[in-house]
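# Breakdown of the fold
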Amino acid sequence: MLTGHHLIAGQWVAGDATFLSSPASGPALSFAVGTPAHVDAAVQGAEAAFASFSALTRDQRAAFLDRIADEIEARGAEITAIGTSETGLPAARLEGERGRTTGQLRLFAAHIRKGDYLDRRHDPALPDRQPAPRPEIRMMQRPIGPVAVFGASNFPLAFSTAGGDTASALAAGCPVVVKGHSAHPGTGEIVAQAIDAAIKALGLHPGVFSLVQGGKRDVGEALVQHPLIKAVGFTGSLGGGRALFDLCARRPEPIPFFGELGSVNPMFLMPAALAARGAALAAGWAGSLTMGAGQFCTNPGIAVVIDGPDAQAFIAAAKEAVGKVGAQTMLTDGIAEAYRAGRDRIAGSAGVRAVLTSVCDLRQATPYLFEVSGDDWLVNHALGEEVFGPLGLILRVRDFAQMQAVASHLEGQLTCTLHVDPADYPQARLLMPVLERKAGRVLANGFPTGVEVVDAQVHGGPYPASTNFGATSVGTLSIRRWLRPVAYQNLPAELLPADL
């Protein structure tokens, strides 16, 4: 049963004000509005929990992650029902996302049991070394303290209350305070109930996890500026993320802000591949571009082709494939409005020609295709900015040299994709050093929509794809964001952490 309250250090807390959800279907529900006072109580609870939680054995923390996964699965039907109502996402998508959420919790549990993430190192003492002896030094990664997490609009489960940021921080030994997203507060509360049940079942400190719902900008600002918060995880817009990033940097004690802020995820269609299978590439692009109304951070919004008959055929095939996609419900009214604004920005840019237009209003999204020359794209920075939704832009470049110029002018990306056949390898090899500097993940002959949760995954990239190019928000490496190295010199064994 939904309470409509915040979960603050084990207590379900009401607020003086409430807000109504804005569901895609079904009745609107009332939820408490968060305040800076709620944030302070939650963060104080997290700090109180840090000593005991960070001191748990790896097996104990792993058992906690596994138990959260069990509790989420036990509430599966309830999560799907409220999630479909709030977001308009189909049940199958939410069930798949729930599986991803519980799967990454269990993946992190297995990973920390192995202990490799601790990066333990040992340099033994050399008492007889000349001209001076060397001390014994051991090193290990240690949790940094309470972590703030902002729920994402487009993933109500996998990037929200118990999503990757929360799961990886808990795996590292850091208590978490989540600022819930107002697009899906009911889904967030049920997941918080699952985490709360796991805390109580294992007898952990209740401050290990808190959820603060709703609230205006002052709530988010209070969270990232709280002196007890030691790092922030964020998935969302470039404008909102950059504002929070700047606040973190301006604190008396600056802290890391791990923000995933967006990407156009360009695809480079090499000549031999385009000639051999242009129609199939167009169909695959259409499916990836419009999947989930294009509301994926890895949505491939730009296709780069060398102009000529094969490019013309690709554009015609893409128009046909995308034109078969009907209207889809977007996650929020605000996202739908921003999509239409992005469409108008692209359509009104110099040199842009409409390939496929449609009509969308209210919370519905229909796909659009545009094309532009490489010359016009290179002089218009706005054409390289993300449009969050099913909109594609085709860049017709003069030759391979201009394709290289486009790659060099890209901002940081989550992904870059090469569609290549063996005959394209010499040119593709020339692009690879550029693409490696631009993206966190480089793909060949596939589509970037969908991010595997595995050890080798990187979901991040140079700014503005993310605010920390050395981090990932997906995969087991994401745990390292919430750790810092500590060296122990000549410490007796009795004083060392158990893992050393």
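Quick note: structure is the one above.
Scope of this entry: the structure provided in the associated data block. (Residues numbered from 1 in each chain as written. Predicted model: local features only at pLDDT ≥ 70, side-chain atom pairs only at ≥ 80, totals over all residues. Heavy atoms only, no water.)

### Overview of the nonpolar core
Where a protein is soluble and globular, its nonpolar side chains tend to be buried together. In terms of nonpolar packing, the biggest core is built from 88 residues, with Phe64 and Phe268 touching the most fellow members. In terms of residues, this core owes the most to one element, helix H6 (residues 185–202), which gives seven residues. If sequence neighbours within four positions are ignored, Phe64 has contacts with Phe53, Leu170, Ile195, Ala198, Ile199, Leu202, Leu204 and Val208. Within the second largest apolar cluster, 21 residues are counted, among which are Ile8, Ala42, Val212 and Val224. (Core = buried A, V, L, I, M, F, W, Y, C linked by side-chain atoms within 4.5 Å. Buried < 20%, exposed > 50% of the residue type's maximum accessible area, 1.4 Å probe, protein only. Helix = DSSP H or I, 4+ residues; strand = E, 2+ residues; numbered from the N terminus. Contact = heavy atoms within 4.5 Å.)

### Topic: the sheet that holds strand S6 (residues 137–143)
Taking strand neighbours across the sheet as the criterion, the three strands line up as S5-S6-S21 in an open arrangement whose pairing is antiparallel. Lying at the two open borders of the sheet, with one neighbouring strand each, are strand S5 (121–123) and strand S21 (483–489). Shown here is a sheet whose adjacent strand axes are inclined to one another by a mean of 25°, direction ignored. In this sheet, S6 lies alongside S5 in antiparallel orientation, the contact comprising three bridges. Following the sheet pairing, His122 is matched in S6 by Arg138. (Pairing = 2+ DSSP bridges. Axes fitted to C-alpha atoms, helices over the stretch in contact; angles between N-to-C directions.)

### A word on the sheet that holds strand S12 (residues 267–269)
Strands sit in the order S15-S17-S18-S13-S12-S19-S20 across an open sheet of seven strands; the sheet is mixed. On the outer flanks of this sheet lie strand S15 (353–356) and strand S20 (439–444), each paired with one strand and no other. Going from strand to strand, the sheet's axes swing by 25° on average, the running direction of each strand aside. Relative to strand S17 (residues 368–373), S15 runs antiparallel, the two being bridged by three bridges. If you follow Leu356 over to S17, its bridge partner there is Leu369.

### Regarding the environment of Ser349
Relative to the assigned elements, Ser349 resides in the loop between helix H11 (333–347) and S15. Setting aside anything within four residues of it in sequence, one finds Ser349 in contact with Asn380 and Leu383. For Ser349, the side chain forms a polar contact with the main-chain oxygen of Arg345, separated by 2.7 Å. (Polar contact = N/O pair within 3.5 Å; in protein donor to acceptor, adjacent residues only side chain to side chain.)

### Examining the packing of helix H9 (residues 271–290) against helix H10 (residues 309–323)
Taken N-terminus to C-terminus, the directions of H9 and H10 make an angle of 35°; their axes are 8 Å apart at the nearest point. For H9 against H10, the interelement crossing comes out right-handed. Residue-level contacts link Leu274, Ala275, Gly278, Ala279, Leu281, Ala282, Ala283, Trp285, Ala286 and Thr290 of H9 to Asp310, Ala311, Phe314, Ala317, Ala318, Ala321 and Val322 of H10. By residue class, the composition of the contact of H9 with H10 is 14 nonpolar, two polar and one charged. (Left-handed = near helix turned anticlockwise from the far one by under 90°. Nonpolar A, V, L, I, M, F, W, Y, C, P; charged D, E, K, R; others polar.)

### Remarks on empty space enclosed by the protein
In total, this model carries three cavities of 30 Å³ or more according to the counting rule given. Grouping the constituent residues of the lining of the largest cavity by class yields ten nonpolar, six polar and two charged. Reported here for the second largest cavity is a volume of approximately 90 Å³. Taken together, 14 residues form the lining of the second largest cavity, with Phe258, Gly259, Ser466, Ser473 and Arg481 sitting closest to its centre. (1 Å grid on protein atoms, 1.4 Å probe; cavity = no way out; pocket = protein on both sides within 12 Å on 5 of 7 lines; lining within 4 Å. Points joined across faces, edges and corners; volume = space filled by probe spheres on them.)

### Quick word on unusual backbone geometry
Omega for the bond connecting Gln130 with Pro131 falls within 30 degrees of zero, at 10°, which places this linkage in the cis form. Here the residue pair Tyr463 and Pro464 is connected by a cis peptide bond, since its omega of 5° sits within 30 degrees of zero. Along the chain, Pro464 falls in the loop between S20 and S21. Of note in this structure, Asp119 is not a glycine but carries a positive phi near 50°. Here Asp119 shows up in the loop between helix H4 (91–114) and S5. Look at Asn490: it is not a glycine, yet its phi comes out positive at around 60°.

### As for the packing of helix H2 (residues 58–74) against helix H5 (residues 164–172)
Interhelical geometry of H2 versus H5 gives an angle of 155° and a closest axis separation of 9 Å. Relative to H5, the element H2 is oriented roughly antiparallel. In the crossing of H2 with H5, the sense of the turn from one axis to the other is right-handed. Contacts between H2 and H5 pair Arg61, Phe64, Leu65 and Ile68 from the former with Ala167, Leu170, Ala171 and Ala172 from the latter. In terms of residue class, the contact of H2 with H5 is built from seven nonpolar, no polar and one charged. (Parallel < 35°, antiparallel > 145°, perpendicular 65-115°, else oblique.)

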